Amino acid sequence: MNRVRSIILATLLLPGLALSGACSSEPSSTSKESILDPDGDETPAGNGGEAPDDNGDEATAGNGDEATADTSPDSQMLTCDASRSPMFNSRDVLNMRISADFTKLNGAPTKEESGSQAVIELSDQSGAAPITANIIARGVSRFHCGFRPFSLKFEEKQRDNIFAHLGKSVKFVTHCGDREGLSPTLKADSIETYEQRLLMEDTVYQVLDQLQVPSLKTRLVRLTYHDAPTGKEETHLAFVREPEDEMAERCGMVELEELSGVDASQLKVDQHGLLLLNLLHDFVIQYDGIEGKNLVTMVDPDRMAIFYAPYDFDLVGVSRPDYVANEGRTLEQNRDAFADWLRRNQSPTLFDQINMVLGRADQMQRAVDQSNMNEENHEVFSRWLSLYLGLLRDFGACEGHTDDPSRPLCHVEDDHGDLPDSASVVDPGEWSARIEPPGDVDMFAADLQANTLYSLGGRVPLELFDAQQNLVASASDRTVSFKPSQTGTYYLRASLGEQMVSSPLLPSPEEIDRYISLYTDDHGASLETATTLEAGKAVEGKWELAKGEDEDWFLLSAGASTNLHIVLRDTDTGRIEVSRRDAPAEELPLEEYLLEGDNDVSSLFEQPGQYVVRVIQLLGLRANGSYTVTLQ
């Protein structure tokens, strides 16, 4: 299961299960309740800066080695039912009083020490019996708040009260409140700011809920804290957040943490669901989730497919442009980045999902209108929706016109042809290419000499064919080496398949300009082409690449007194990786960084045996470079 919990937001976009418009949701109540006290004092609200689950076991994005779910276009649509809980059948602010040891909850040094017995009362339900539960603090960064977020934990699932159909544990997002040493990100300058942060985060949840896709439901609560030891009371805003496993269940799935009896290695990320996740992240400007944080991971066990739902929207760019990851960008600047992401990733599925969003535009605007945010933040959210929905409408009109260069919003110029007849002619060396939009292929033609050692690599999957279209070599994760059997023209095919071009809102240059190398090499990067080192003989090596990583492989037989030195010249740094050829599969290579000058790496050969030594170029201030390897 650990392997699945470390799944990255793999960027493959292959035929899968479309989520467009698939989930049902109950309509929101149109009534609102003022969040100002009768005497005009603002009720403090939190910044929603809620961190991962109580145990910090956040579902994270991993290393992208998961395969794509093999689903046909006519596979059954994922349908989410409306929540059965009475907690979410209204948008009215719920009046609640909790009596517990809040001195302990907000002051204990650890979460485990913060718990106490709690009695919950609902003033909106006269005559209702009090509800008992355990209360415990949660959060990571927000654990340092003056008022910590918390969970109510019931001995059994509730049936005939407001918590029915919410399982045995319900999370509350609270106002943060001042505390000595509180981080600048969480600290607010006034009660009004704390209040508005909470309302803005809740509004993002409410907007996404209108899309009827997997998303956690929320309900605002005017919460009276009764501290049982002191008898003190104070009232602040909070919101209840739907349990992750309950959302998964109403969507016909199982939360990953609850999954049992399934071979986790067979789980595959659903790629249409992944595209939707990225679309939603960009739509709400969620930089705090692009590395796999703040995701609910769900599994459809029938299809062995993984889906994600985003959450934790306290630091999105709509409401918190001051957050360090948002870099103070304006809504217009973020919209332009979103437009670039749309253009680079255009596909039939993306157009379908955009149409789904546009079909719910009125409901999304209504969710903003019904929010209790102040006038200034209402304006911000309305302007955000206007800008972003306007962009989606304009981009939606690109469908069927993506090859028209007169439409810069739609058009992605093809920098290289996709067939041998239209291949770009190159000399062996290194270059870059833009592999976009999904499905793009770039083809290159190079003249190679028979029985000459070449190496192939880069940051894109590559296939090399001869003139008869026979596959000669392929590279994906590591550099590979080969010797052509014939002199002639060879064709290099670069493609990401249907993979998304870039997932983050602002892609780094290497995610756009994909590095490719096909070069004449002095030492190969495979067992078959590796150079064997002999004791007492110095071997010269050269790193042929100016921009990338050249790998030179060597074989040696090590004994108890093996002495290996590598002298770097004309370069900044390198790296050596050492592996025993007869080592068990789980044994990791030993590695060490190399600096200019003499590097004694003898300590890497801890026991006698046959070894593979990889001497790897690192890109520094000075490219290329040479070295000498001496085995004693």
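Everything below is about the structure printed above this text.
Because the structure is predicted, anything quoted here is derived from the model rather than measured.

K.L.:
Would you mind going over the sheet that holds strand β17 (residues 471-475) in detail, with residue names and values included?
P.N.:
As summarised here, the arrangement of the 5 strands in space is β12-β14-β19-β16-β17, forming an open sheet in which the pairing is mixed. Where the open sheet ends on each side, the last strands, each with one partner, are β12 (424-425) and β17. In this sheet, strand β19 (residues 488-495) lies alongside strand β16 (residues 462-465) in antiparallel orientation, the contact comprising 4 bridges. Within the sheet, the bridge partner assigned to Leu464 lies in β19 and is Leu492.

K.L.:
Which residues make up helix α5 (residues 271-284), and what are the values?
P.N.:
Residues spaced three or four apart along an α-helix point in a common direction, a consequence of the helix completing one turn every 3.6 residues. Given a rise of 1.5 Å per residue, 14 residues ought to cover 20 Å, and the 20 Å separating the end C-alpha atoms of α5 matches this to within 8%. With 14 of its 14 residues buried, α5 lies for the most part within the structure. Two to three positions downstream of the cap, the backbone nitrogen of His272 sits 3.2 Å from a side-chain oxygen, assigning the N-cap of α5 to Asp270.

K.L.:
Can you tell me about the sheet that holds strand β8 (residues 254-255), naming the residues and giving the values?
P.N.:
Sheet architecture is open: 4 strands sit in the order β8-β10-β11-β9, paired in mixed fashion. Every interior strand has two partners, whereas the edge strands, β8 and β9 (268-269), have only one. Pairing between β8 and strand β10 (residues 295-300): 2 bridges, direction antiparallel. When the sheet's bridge partners are listed, Val254 is paired in β10 with Val299.

K.L.:
Talk me through the pairing of β17; I want residue IDs and the actual numbers.
P.N.:
Here 4 bridges tie β16 to β17, and the two strands are oriented antiparallel to one another. In the sheet register, Phe465 faces β17, and the bridge partner there is Leu471.

K.L.:
Run through the packing of aromatic side chains, naming residues and quoting values.
P.N.:
Tallied over the entire structure, the rule returns 17 aromatic pairs. For the ring pair Phe147 and Tyr225, a centre distance of 5.0 Å and an interplane angle of 65° mean the geometry is edge-to-face. With a gap of 78 residues between them, Phe147 in the loop between β3 (131-137) and β4 (150-153) and Tyr225 in strand β6 (residues 218-227) connect regions that are remote in the sequence. What makes Phe147 buried here is its relative accessible area of 16%. With a centroid separation of 5.3 Å and 25° between ring planes, the pair formed by Phe338 and Tyr388 is classed as stacked.

K.L.:
Account for the nonpolar core, naming residues and giving values.
P.N.:
Among the nonpolar cores identified, the biggest contains 76 residues, and Phe283, Phe338, Leu342, Val357 and Trp384 are the most heavily contacted of them. Residue contributions to this core peak at 9 residues, all from helix α9 (residues 375-396). Setting aside chain neighbours within four positions, we find Phe338 in contact with Leu279, Asp282, Phe283, Tyr388, Leu391 and Leu392. Met96, Ala133, Phe150 and Ala238 belong to the second-largest nonpolar core, a separate cluster that totals 30 residues.

The rules behind these values
Per-chain numbering applies: the sequence of each chain, read as written, is numbered from 1 onward. Predicted model: local features are reported for residues with pLDDT of at least 70 only, side-chain atom pairs are reported and counted for 80 or more only, and whole-chain, interface and lining totals are derived from all residues. The side-chain numbers reported here are obtained from all heavy atoms of the structure, hydrogens and water having been left aside. Two strands are counted as paired when DSSP detects at least two bridges linking them. For helices the rule is a DSSP run of H or I covering at least 4 residues; for strands it is a run of E covering at least 2, with both sets numbered from the N terminus onward. One less than the residue count of a helix, multiplied by 1.5 Å, gives the span that helix is expected to have. Buried residues are those whose accessible area, probed at 1.4 Å on protein chains only, stays under 20% of the maximum for their type, while exposed residues exceed 50% and partly exposed ones sit between those limits. Any pair of nitrogen or oxygen atoms within 3.5 Å is treated as a polar contact; in protein, a donor-acceptor pairing is required on top of that, and neighbouring residues in sequence qualify only through side-chain atoms on both sides. The pairing test for Phe, Tyr and Trp rings, Trp by its six-membered ring, is centres within 6.5 Å, and the orientation test on the planes gives stacked under 30 degrees, edge-to-face over 60, and tilted for anything in between. For this analysis, a nonpolar core means a set of buried residues of the types Ala, Val, Leu, Ile, Met, Phe, Trp, Tyr and Cys, connected via side-chain atoms within 4.5 Å. Residue contacts are counted whenever heavy atoms from the two residues lie within 4.5 Å of one another.

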